[in-house]
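Listed below are the residues making up each chain.
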Amino acid sequence: MKTPASIVPGLAAPLLPREPVSLLIYRHLRQQIADGKIPPGTRLHEVDLAGAWQVSRTPVRDALRRLEVEGFLRPAGRRGFEVPVRSRADLEDLFDLQETLEGLTARRAAERASAAAVARLNELIKAHGAALQRRDLDGVLAAHEELHRAIAAASGNAFLAAVVDLVRAHLQPVRARVLRTRDRATGSFREMAKVTAAIRAHDPVRAEAAMREHLASVRAAFRAQWEQA
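Residues numbered from 1 in each chain as written. Predicted model: local features only at pLDDT ≥ 70, side-chain atom pairs only at ≥ 80, totals over all residues. Heavy atoms only, no water.

Observations concerning the environment of L91
One can find L91 in helix α4 (residues 88–112). Judged by relative accessible area, which is 5%, L91 ranks as buried. Separated by 28 residues in the primary sequence, L91 and A63 have C-alpha atoms spaced 24 Å apart. Ignoring anything within four residues of it in the chain, the contact list for L91 reads R86, L171, V174, F222 and W226. (Helix = DSSP H or I, 4+ residues; strand = E, 2+ residues; numbered from the N terminus. Buried < 20%, exposed > 50% of the residue type's maximum accessible area, 1.4 Å probe, protein only. Contact = heavy atoms within 4.5 Å.)

Encoded structure:
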């Protein structure tokens, strides 16, 4: 099964001389997989991608192998890869990791967040609420994702933030479906407002508990959707 060039549009435009081509390809593919634009079951071929983007096969190969190591792709035939179809058990395992890791980021953010970091969190929770009032679910999702990234950054632990980013990327398609319902978008805003308030108060116990409560609610919504599917 060949991969049409239309599956991965727009790569040529952002190429910059100082950025390794393999890194740009990796980022582009990972984002498209996380966004669901390259859906589970899609096969990607080194030769097809190199031809579509008019680059050598080496940076494409490097990018595909990195995505394989991170679990976004799996081998499928000669020089081919496939976006894996996640089982419910896979997703439950990812939710387990997310709850543990992001609970810790919230705790560390409450302990370590600078005044500038807290100001950024306040700005993002306001943007989250404003998008909700406008019924702008795309805006809600964007603000929500940025808020989680800002909390991870405020933790002061770059290693932890990197692992959180990886786990969240694997769960992004599920999270996007869940948050695009009005009730869950509203619930997530209220839950994240509690997390933000706890970090602002530099209360690590409350911050971790609030984050875990939020992620448990997202997980419950995922389970309900799965049962209805």
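Considerations on the pattern of salt bridges
Per the counting criterion, the structure on display carries 27 salt bridges. Its salt-bridge partner being R175, residue E145 comes within 2.6 Å of it at the nearest N-O pair. Separated by 30 residues along the polypeptide, E145 in helix α6 (residues 137–154) and R175 in helix α7 (residues 158–179) bring together distant segments of the chain. Across the pair, exposure class does not vary: E145 and R175 are buried alike. One network of salt bridges, in which partners are shared, links R88, E92, D96, R219, R223 and E227. (Salt bridge = Lys/Arg side-chain N within 4 Å of Asp/Glu carboxyl O.)

So, the packing of α7 against helix α9 (residues 204–228)
Contact geometry for α7 and α9: axes closest at 10 Å, N-to-C directions at 85 degrees. When the axis of α7 is compared with that of α9, the two are roughly perpendicular. For the pair α7 and α9, contact is made by V174, R177 and V178 and by V218, A221, F222 and Q225, respectively. In terms of residue class, the contact of α7 with α9 is made up of five nonpolar, one polar and one charged. (Axes fitted to C-alpha atoms, helices over the stretch in contact; angles between N-to-C directions. Parallel < 35°, antiparallel > 145°, perpendicular 65-115°, else oblique. Nonpolar A, V, L, I, M, F, W, Y, C, P; charged D, E, K, R; others polar.)

Treat this as a map of the structure, not an account of what it does.
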